[in-house]
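# Architecture and fold: a report
Chain residues, written in single-letter form:
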Amino acid sequence: MMTQSKQLAEEYRRLGGRRLAKVDDNIVSTRAWDEDTPEAERFWQEHVAPLDEEKRREVELHLPSISER
């Protein structure tokens, strides 16, 4: 089953998004060493950044983890 948060994360990645999830003691954040494509950055700012903290965290958990890097 595809959740809205998974769809957002997958679309962001499809557009060239390069942020990685960092999960530390149940605190979720993202890190970016490489710049997003303009399309991915615009998508993030329009669709993910405005979400409340809980929903944004759900999207971030669908991104690749920095521990997989």
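Thresholds, definitions, all that
- Residues numbered from 1 in each chain as written.
- Predicted model: local features only at pLDDT ≥ 70, side-chain atom pairs only at ≥ 80, totals over all residues.
- Heavy atoms only, no water.
- Helix = DSSP H or I, 4+ residues; strand = E, 2+ residues; numbered from the N terminus.
- Rg over C-alpha atoms; globule rule 2.2 N^0.38 Å.
- Buried < 20%, exposed > 50% of the residue type's maximum accessible area, 1.4 Å probe, protein only.
- Contact = heavy atoms within 4.5 Å.
- Lys, Arg positive; Asp, Glu negative; His and termini not counted.
- Charge placed at Lys NZ, Arg CZ, Asp CG, Glu CD.
- Salt bridge = Lys/Arg side-chain N within 4 Å of Asp/Glu carboxyl O.
- Core = buried A, V, L, I, M, F, W, Y, C linked by side-chain atoms within 4.5 Å.

### Looking at the overall build of the protein
Along the protein, the regular secondary structure elements total three helices and two strands. When its helices and strands are written in sequence order, the protein yields α-β-β-α-α. Scaling as 2.2 N^0.38, a compact globule of 69 residues should have a C-alpha radius of gyration of about 11 Å, and the protein matches this with 11 Å. Based on the C-alpha atoms only, the size of the protein along its principal axes is roughly 30 × 25 × 25 Å. Each of the 69 residues in the protein was classed as buried or not, and the buried ones make up 29%. Here the analysis covers contacts within the protein between residues at least 6 apart in sequence; of these, 58% occur between residues at least 24 apart. Counting 12 positive and 16 negative side-chain charges, the protein places the centres of these two groups 2 Å from one another.

### Regarding the pattern of salt bridges
Applying the stated criterion to the full structure yields four salt bridges. A salt bridge links Asp 36 to Arg 19, with the nearest nitrogen and oxygen atoms 3.5 Å apart. Remark: Arg 19 occurs in the loop between helix H1 (4–14) and strand S1 (20–24) and Asp 36 occurs in the loop between strand S2 (27–31) and helix H2 (38–48); sequence separation between them is 17 residues. The buried category is assigned to Asp 36, whose relative accessible area is 9%. Residue Glu 41 pairs with Arg 19 through a salt bridge whose shortest N-O separation is 3.0 Å. Pair noted here: Glu 41 is in helix H2 and Arg 19 is in the loop between H1 and S1, with a separation of 22 residues, a long-range link. When salt bridges with common partners are traced through the structure, they connect Arg 19, Asp 36 and Glu 41 into a single cluster.

### Focus: the nonpolar core
Nonpolar side chains in soluble globular proteins tend to be buried together. The biggest cluster of nonpolar side chains holds ten residues, and these are Leu 8, Ala 9, Tyr 12, Ala 21, Ala 40, Phe 43, Trp 44, Val 48, Val 59 and Leu 63. At the level of secondary structure, the elements contributing two or more residues to this core comprise H1 and H2. At four residues, H2 tops the list of elements feeding residues into this core. Excluding anything up to four places from it in sequence, Ala 40 contacts Tyr 12, Leu 15, Gly 16 and Gly 17.

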